[in-house]
Amino acid sequence: MPTRSQREPVTRRPIPLLFLLLGATACSQPRVSVDARLAGESAAAGSPVRDLPIRLLPYDRAAILDSLRSDAKQPEPAPPPDLVAQQQAQDSAESLWRGARSEAAALSDSVQALRARLATLETGSAAYDATQREIGRVERRQGEVKLSADSAFARFTRLRRVTGPRVDSLRTARRAWAAATFSPLDSIALAKAKSRGHSEAVDTTGAEGEVVFRVPAGRWWVFARYAVSPDEELVWNLPVEVTDSGAHVHLTGRNAKRQPIL
């Protein structure tokens, strides 16, 4: 059996120089971090939004959409004023119902706590009688809140039955209009990216609601969308000037645009 020195030497393929250069270039590019946080007064106070796809674009997507919208042969279908009023009334009724339901839950907790306290007091004592009176007051408020919640829910349900079919019809018309109007978006965006010599970067936020990109210095746009309900979403299209030292962008409810989901 041939010894190791007599065997054919193992050939170690060198790593292509191009790959080394690309890796070195990527690592040397500025670092752009983007974090998404909602429901707080500031980016640091909000809850992180995880699993949110974020795109770093070398072009202004909103400007392209505005241009296509202005060139459309037909105007975008708009909701009639009476439908807007009905939806506002529906939203108000839903808000009242959810608020009353939340208050009812808090009152129920209060009654349980008061009854637990009552069990520790001496029957007939001043504290016992005061606690009983407080239980009665809270239970009366419970009854009032229940009536309010039932009334608001009935109004919300009645309005939704009326607006639902009209909203669905309008949404279908808007989707058809958008499909026809914005069909050139991808080709225009690709041409703009090629003219700048950059490609878009895409990533998804992790548990801390953050992503990190490595891109060349210059002007970029952070684009993301987040559904806050079946009918409404938050959309970000924020310009960012990436310098050699990088950039940091906060996505919050305050710097997003709210729009209906088509």
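Residues numbered from 1 in each chain as written. Predicted model: local features only at pLDDT ≥ 70, side-chain atom pairs only at ≥ 80, totals over all residues. Heavy atoms only, no water.

(A) Focus on the environment of arginine 50. Topologically, arginine 50 is positioned in the loop between strand S2 (47-48) and strand S3 (53-57). Arginine 50 gets classed as exposed once you look at its relative accessible area, which sits at 52%. Once the C-alpha coordinates of arginine 50 and threonine 204 are considered, the two residues, 154 residues apart in sequence, prove to be 7.7 Å apart. Arginine 50 has contacts with Thr205, Gly206 and Ala207, leaving out every residue within four places of it along the chain. (Helix = DSSP H or I, 4+ residues; strand = E, 2+ residues; numbered from the N terminus. Buried < 20%, exposed > 50% of the residue type's maximum accessible area, 1.4 Å probe, protein only. Contact = heavy atoms within 4.5 Å.)

(B) Broad picture of the sheet that holds strand S9 (residues 257-260). Read from one edge of the open sheet, five strands run S4-S3-S6-S7-S9, paired in antiparallel fashion. Of all the strands in the sheet, just strand S4 (201-204) and S9 have a single pairing partner and so form its edges. Adjacent strand axes in the sheet meet at a mean angle of 25°, parallel and antiparallel pairs treated alike. Bridge count between strand S6 (residues 218-227) and strand S7 (residues 232-242): ten bridges; the pairing is antiparallel. What sits directly across from arginine 219, in S7, is glutamate 241. (Pairing = 2+ DSSP bridges. Axes fitted to C-alpha atoms, helices over the stretch in contact; angles between N-to-C directions.)

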